[in-house]
Amino acid sequence: YRMGRESFEIAYGGGDDESFHDLRKSLQLHWRHMSLLSRAWSEYFSVRVAAARELSQIFGDEHDLSVLIAHLSAGGAEVVAGTDKVIFLASGRRAELRLSAEGRTARLLAEKPRDFVQRIKSYWEIAPRITARDGLADILLSPETPDDEQQKAAPAAANARGTKQRASQRAR
């Protein structure tokens, strides 16, 4: 997360093409980390995973255009009519992608790293209590109800267990 914030500041603070690629790699790492933590609160983490994945894809497209522009600009391809036009169009699209991702990336990485880590740590620590309670609620609110014979047999079985336990205690 910290690396993502730093990469964001460098890239949008006047960084070069490589700094945007570093930002993409940070976002990929972030969504993978959030995916690993998703058991703590799947609804929350799935939103972060989706946002970071989408941004990573946008920056992947941006990187592809940067590579194309660099290749054409360096004369790496046979010079053909329209090369300047391709570079111009690719540069424009790259700028659009960077602009469209800036606000969403800023929102995803808005918290200070220490605050973010503390919040995620809290979610992780609380998760077992929620999961255990949800599991109990699932059992108690199960739509399956025992049939009539099972309902009649349950008190008799409980009574038999109680009688055996009392007899065992008296024997001691």
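Residues numbered from 1 in each chain as written. Predicted model: local features only at pLDDT ≥ 70, side-chain atom pairs only at ≥ 80, totals over all residues. Heavy atoms only, no water.

Caption draft 1: Structural context of the packing of aromatic side chains. Under the counting rule described, the total for this entry stands at 9 aromatic pairs. Note on Trp41 and Tyr123: the rings are 5.0 Å apart at their centroids and 85° apart in plane angle, and the pair reads as edge-to-face. One end of the pair, Trp41, is in the loop between helix H2 (17-36) and helix H3 (42-73); the other, Tyr123, is in helix H5 (residues 113-140), with 82 residues separating them in the sequence. Plain terms: the ring middles of Phe45 and Tyr123 are 6.4 Å apart, the flat faces sit at 85° to each other, and that makes the pair edge-to-face. Within this pair, whereas Phe45 is found in helix H3, its partner Tyr123 is found in helix H5, the two being separated by 78 residues in sequence. An aromatic cluster of at least three residues, connected via ring pairs, comprises Phe8, Tyr12, Phe20 and Phe59. (Phe/Tyr/Trp six-rings, centres within 6.5 Å; stacked < 30°, edge-to-face > 60°. Helix = DSSP H or I, 4+ residues; strand = E, 2+ residues; numbered from the N terminus.)

Caption draft 2: Highlighting the pattern of salt bridges. For the coordinates displayed, the defined rule picks out 8 salt bridges. A salt bridge links Arg94 to Asp17, with the nearest nitrogen and oxygen atoms 3.3 Å apart. Of this pair, Arg94 sits in helix H4 (residues 83-108) while Asp17 sits in helix H2, and the two are 77 residues apart along the sequence. By relative accessible area, Arg94 is classed as buried at 14%. The residue Glu125 makes a salt bridge to Lys121 at a minimum N-O spacing of 3.8 Å. Taken together, the positions of Glu125 and Lys121, both in helix H5 and 4 residues apart, correspond to about one turn of that helix. Taken together, the salt bridges that share partners define one network made up of Asp17, Glu62, Arg94 and Arg98. (Salt bridge = Lys/Arg side-chain N within 4 Å of Asp/Glu carboxyl O. Buried < 20%, exposed > 50% of the residue type's maximum accessible area, 1.4 Å probe, protein only.)

Caption draft 3: Broad picture of the packing of H2 against H4. Two elements in contact, H2 and H4, have axes whose closest approach is 13 Å; the angle formed by their N-to-C orientations is 45°. On the basis of the axis angle, H2 is oblique to H4. Between H2 and H4 lies a crossing of left-handed hand. Across the interface between the two elements, Asp17, Phe20, Leu23, Leu27 and His30 of H2 pack against Arg94, Arg98, Thr105 and Leu108 of H4. Its residues assigned to classes, the contact of H2 with H4 shows 4 nonpolar, 2 polar and 3 charged. (Axes fitted to C-alpha atoms, helices over the stretch in contact; angles between N-to-C directions. Parallel < 35°, antiparallel > 145°, perpendicular 65-115°, else oblique. Left-handed = near helix turned anticlockwise from the far one by under 90°. Contact = heavy atoms within 4.5 Å. Nonpolar A, V, L, I, M, F, W, Y, C, P; charged D, E, K, R; others polar.)

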